[in-house]
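# Working through the structure, step by step
Spelled out from the first residue to the last, the chains are:
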Protein chains: 2
Amino acid sequence: MNPLPFTHITFNDSLWRSRIETNRTQTIPHIYEQCKQTGRIDAWKWNQGEPNTPHVFWDSDVAKWMEAASYSLITTYQLQLDQQLDDIISMMSEAQMKDGYLNSHYLHVEPENRWTNLRDKHEMYCAGHLLEAAVAHHQATGKESMLNVLKRYVNHIDSQFGRGEGKRRGYCGHEEIELALIKLFRLTKEKRYLNLAQYFIEERGTQPHYYDLEARARGEDPSKYYFGGDYTYLQAHRPVREQTEVAGHAVRAMYLYSAMTDLARETNDESLLDVCKKLWRHLVSKRLYITGGLGSSSSNEGFTSDYDLPDESAYAETCAGIGLIFWASRMLNATGDSQYADVIERVLYNNVLSSVSLDGKLFAYVNPLASNGDHKRETWYSCACCPPNIARLLASVGNYFYSQTHSQTSEVSKTSEVLSVWIHLYAQSEARFENGLMIKQTTNYPHDGLITITMTPPTPARFKIHLRRPAWCESFVASVNGIVETSEVAHTAKTSEVLSGYIVIDREWQAGDTITLNFEMPIRFVYANPNARQMIGRVALQRGPVVYCVEGVDHDGLDVSRLVIKENGWEAEHRATVLGGVTVLKGKGGAISPNGWGDDLYRFASPRIDPITITAVPYSVWGNRGAGSMRVWLQRSYG
Amino acid sequence: MNPLPFTHITFNDSLWRSRIETNRTQTIPHIYEQCKQTGRIDAWKWNQGEPNTPHVFWDSDVAKWMEAASYSLITTYQLQLDQQLDDIISMMSEAQMKDGYLNSHYLHVEPENRWTNLRDKHEMYCAGHLLEAAVAHHQATGKESMLNVLKRYVNHIDSQFGRGEGKRRGYCGHEEIELALIKLFRLTKEKRYLNLAQYFIEERGTQPHYYDLEARARGEDPSKYYFGGDYTYLQAHRPVREQTEVAGHAVRAMYLYSAMTDLARETNDESLLDVCKKLWRHLVSKRLYITGGLGSSSSNEGFTSDYDLPDESAYAETCAGIGLIFWASRMLNATGDSQYADVIERVLYNNVLSSVSLDGKLFAYVNPLASNGDHKRETWYSCACCPPNIARLLASVGNYFYSQTHSQTSEVSKTSEVLSVWIHLYAQSEARFENGLMIKQTTNYPHDGLITITMTPPTPARFKIHLRRPAWCESFVASVNGIVETSEVAHTAKTSEVLSGYIVIDREWQAGDTITLNFEMPIRFVYANPNARQMIGRVALQRGPVVYCVEGVDHDGLDVSRLVIKENGWEAEHRATVLGGVTVLKGKGGAISPNGWGDDLYRFASPRIDPITITAVPYSVWGNRGAGSMRVWLQRSYG
């Protein structure tokens, strides 16, 4: 199955439509301005002695902005944006070396050193992002300008690296080019791009280790590497097929695993897909935050040990969450298993949405699950990977809602036939499939779980529709034209109609047929595996896909660490005008009182607990009302 | 009042006697070997091209070892140790420059740069430790050899720094020399050493800022300093008299405040003492761990924000705990207020004792209050400040047990008269005062709170004895020769006989008079101020001065994070042969079970709790039975 491209989907809901529009009107221009002011845009024509010396990974920031801008152009054409893209492409083209090389730092700052430090210097990472942008730009505008520049660059890279004679057996320390090359392969059908991606993936972590050799060639002792002689940080500690645990820098890991999944599909490599499944299972069973955040430590921007999920110091980088969506989407379309869509929904509605303010101009690099009031979103970062990453994700978020399978293109009709459709995520929207099928969702999701789906095939046709039954949902009813098709209540085994987490309806569809899905959406109290020590004695609130938090601002500014909750008597209230329209939760609890403690830091008498009404808001919108304390995992009532 | 020197006290207990003996027979030789092997001992005669290039603060490691060795010589003379000291002093003397300068790094590695970076390079810090060692060596052996070397060095420093014409207005980034100079002043009565200490203390943090000027003189931008333009790390963010919060690097802070307290006493400066009292109150009410550890963050090896006391990532450096004892002792003897002795007891029995293994050969640099099994003591550290610091502390631990006040020396008799004595800490021991008074404590303290004190004055004499009534004790009885003098039960106001936390008995003492103190020592459940978010919903166990922890090793290796306790039904059991002789606590609780979770990281059903008997051991001896999980602050039973 393949995703239905975002270009075929129109959102008519209050959440995604407004986020996409804010992204287009606020975020994308804001990032352009930041890139312009900091010298990133003009890095291609920088000269020695000028300010804003191009940094080695600046090109990737501009590239991700270009990709976001391209997606945005498809949805809403803007002449100025089109011209901004053309101007950058023109500078880039002029800067490109005759041999195709293209990196603004190495072109201008230290041309003698290019390709001498693949481990640390991000050259191919930048190339990969430029390539993704080039593919997007071509799809958005039909222009070949950027695509041609990048093909020349990729051809240069292909000439330098690989197993052929005279080539170096290197690969980039920060994975990215691999998945980009497969995008280029899919666009051009040119096998050598797939081959190059395959080489980069398969070469990774082999012995003799390229990063050892490369360090010695620079006159460095490999053991003086920041992480010693250990390349786990770069997922290069062993060949990728021998990797069984998600490890190292989380963004790098997600981009690698995404490319591995792509490669497994393109080469029908079940054993490589099994590696990906094993890595996935490790991630979701031991190293994933409830918000979908991942990579718990700032020290390596990545993974630590199993079940180590601190809340206040959680790194949970925005780019890692986005990378997880990339990977999960590939796994989903490779397998048809809803567990991958469950994770997309978890990370999208929580970790990813939390990373940008409601006004679209402030960005979180890290997404902790608790704050003492120190954390806030920023307008920009000197390491600015996250803002343009969220921009490209939001501009193309429709990619994750639907999938389809086609028959093989018939040589006679030259059209493909939709055999089957999948709805992974729910939101009020219209989807237009290539065969003319229209699917319309009418719903307030995620505020409630009632979804009406109107089917409009161009002509009556029999095909299967797969409707994801969310893992958070224990009771649901699915009807077609008012007649119950299948239902399930809490704690019963899956019925045969729910296949890999999808409710499958196989029938002849007529225009106007309606499916009604009613996913019960009670307030859920979530507990973490007792091996996750940081959540012992704590509970989180979730309703539908939305994970909640409590904020000081809703509790007279108190430090919400002092709240204790009881897991009963909670109610949901929709507030259309608050925080862009949210459902808040209200319940009873207590506030541990610091009154009467005076100067005492420790004492023998247990602290007093005062009753209080607790208000929880979606984690995704926290910190939009000034800095203050916040917490997802709340202390359970004790004593 | 002044402390009765450790040289006048003999321990006959199971705890201190064995720790001091292990320190003498194991730790001191072990540290010498480490210093020898790593080149520290021979740094004085190092030549270019040889291995083990002397590091800028190596001299301080050797100096602290020399101080420890000197104290040990006083208690138990060992010819070999005396000779080792002489050999080092001889090397040092030969290495010393004609002008008195003496730092093995700058002498040999970069002589052209001495005194160019007081902010970072520890030259005077090393000088201070050498000076403390010289004073100790003189007291131990009567020899002048090291003292003369150090006097020449100090005279050189005095000639270079100060407010006089041609002098630089510098001071060391790592405080230490200030308190050492006051030791030298007290030994020699030479006022200029006090004046120099006073200059260093008062100059600190004044404008124009010396570290700005000094950085510019090196051609550096002061704002490129690791902490930006902020000198809080060095307690040089403002003049010391304007400092109101303990801040920055914790060891530096303790050494500075110790010197400030000394200076206040020597100059009868009440306003400076008030500054110290304000800093003290801030520390103990907002930034001190229950174990007496301090400085919660590894990022600055120091203080963060109020009530920020994470347990697993607690830094609580060994040297900071030792520094706190130094400061608290000075405050205690300056004020006679038992709160300072309470803190000495807290840090000594918990943070400090935990920093060395029972066999005396493994050392903790940091002293976290929880561990996932990652933490263990090491044989040595490349930054080796802690091991010799614990050695010198243990070799002189008697310093903190007793104090005395004297009358002015009578010109006729030329002897001083003891007016009053203080017992701050309890342990089975004998103390010999200068007037011939012997005080003998017979007790199992800290295993129980019954203490029999036998008074043996040389002749019957009237004087006051002050017996510290520990802050942890809510009920006690004090008797003399079997007749109750004063008593108190929980929650009554202090009686007039308990002055500043001391039970004062003023009478004529005859040889053989016995005081019986019975401090009730129940198991206490300790709660932290609710502003300390990391301890919300948690409780610690304490009995007497001993803070407890639970270890995985006592619970079939389970992660003790999963334990929950109820605050009743606990019992103490003495185990003479376990962990050097400890009292363990046993109580009922639960273990949150990971059974039945399978691969789930999150679920909607609350985890099961299995009943379990929980065993707690003193925090000071944790990690002596292999690596494993440990926790001081335990989850209270919830639900």
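Owing to the predicted nature of the structure, the values given are computational and were not obtained by experimental measurement. (Residues numbered from 1 in each chain as written. Chains lettered and ligands numbered in written order. Predicted model: local features only at pLDDT ≥ 70, side-chain atom pairs only at ≥ 80, totals over all residues. Heavy atoms only, no water.)

## Remarks on the confidence of the model for chain A
Residue and element names in this part refer to chain A. Across chain A, the average pLDDT comes to 94, with 96% of residues at or above 70. Note that pLDDT drops below 50 for residues 490–497; the model gives that stretch 13 contacts with residues more than four away or on any other chain. Confidence metrics for the complex model read pTM 0.93 and ipTM 0.95. (pLDDT = per-residue confidence, 0-100. Contact = heavy atoms within 4.5 Å.)

## A short note on the interface of chain B and chain A
Contact residues are listed per partner, giving 51 residues for chain B and 51 residues for chain A. Taking both partners together, chain B and chain A bury about 4300 Å²; carbon and sulfur atoms supply 56% of that area. Summed over the shared surface of chain B and chain A, the number is 4 salt bridges. Ionic pairing is found between R281 of chain B and D599 of chain A, a salt bridge with its closest N-O pair at 3.0 Å. Counting the contacts that link chain B with chain A gives 16 residue pairs in polar contact (both at pLDDT 80 or more). Listed by contribution, the elements that provide at least two residues to the side of chain B that touches chain A are α11 (270–286), β15 (523–528), β21 (602–603) and β24 (634–636) of chain B. Considering each element in turn, the side of chain B that touches chain A owes the most residues, 5 residues, to β15 of chain B. Of the residues that constitute the side of chain B that touches chain A, the class distribution is 24 nonpolar, 13 polar and 14 charged. (Buried area = accessible area lost by both parts, 1.4 Å probe. Salt bridge = Lys/Arg side-chain N within 4 Å of Asp/Glu carboxyl O. Polar contact = N/O pair within 3.5 Å; in protein donor to acceptor, adjacent residues only side chain to side chain. Helix = DSSP H or I, 4+ residues; strand = E, 2+ residues; numbered from the N terminus. Nonpolar A, V, L, I, M, F, W, Y, C, P; charged D, E, K, R; others polar.)

## Quick word on helix α12 (residues 318–335) of chain B
The end-to-end C-alpha distance of α12 of chain B, which contains 18 residues, comes to 26 Å, matching closely the 26 Å that a straight helix rising 1.5 Å per residue would cover. Among the 18 residues that make up α12 of chain B, 16 are buried, leaving the element largely enclosed by the rest of the structure. (Expected span 1.5 Å × (residues − 1). Buried < 20%, exposed > 50% of the residue type's maximum accessible area, 1.4 Å probe, protein only.)

## A closer look at the packing of helix α1 (residues 16–37) of chain B against helix α14 (residues 386–395) of chain B
Residue and element names in this part refer to chain B. Where α1 meets α14, the closest approach of the two axes is 9 Å, and the angle between their N-to-C directions is 140°. As judged from the angle between their axes, α1 and α14 are oblique. Handedness of the α1/α14 crossing: left-handed. Every residue of α14 that contacts α1 at W16, R19, I20, N23, T27, I28 and I31 is listed here: P387, P388, I390, A391, L394 and A395. Along the lines of polarity and charge, the residues of the contact of α1 with α14 split into 10 nonpolar, 2 polar and 1 charged. (Axes fitted to C-alpha atoms, helices over the stretch in contact; angles between N-to-C directions. Parallel < 35°, antiparallel > 145°, perpendicular 65-115°, else oblique. Left-handed = near helix turned anticlockwise from the far one by under 90°.)

## Quick look at the pattern of salt bridges
Think of it this way: side chains of opposite charge can pair up when their charged atoms draw near. Residue and element names in this part refer to chain A. Inspection of the entire model under this criterion finds 83 salt bridges over all chains. As a salt-bridge pair, E203 and R169 come within 2.9 Å of each other at their nearest N and O atoms. Of this pair, E203 sits in helix α8 (residues 191–203) while R169 sits in the loop between α6 (145–160) and α7 (177–188), and the two are 34 residues apart along the sequence. One salt bridge connects R625 with D554, and the closest N-O pair in it is separated by 2.8 Å. Of this pair, R625 sits in the loop between β22 (609–618) and β23 (629–631) while D554 is found in the loop between β17 (546–551) and β18 (563–565), placing the two residues 71 residues apart along the sequence. D554 gets classed as partly exposed once you look at its relative accessible area, which sits at 27%. Salt bridges sharing partners connect three or more residues here, namely R119, D120, E214, R218 and E220.

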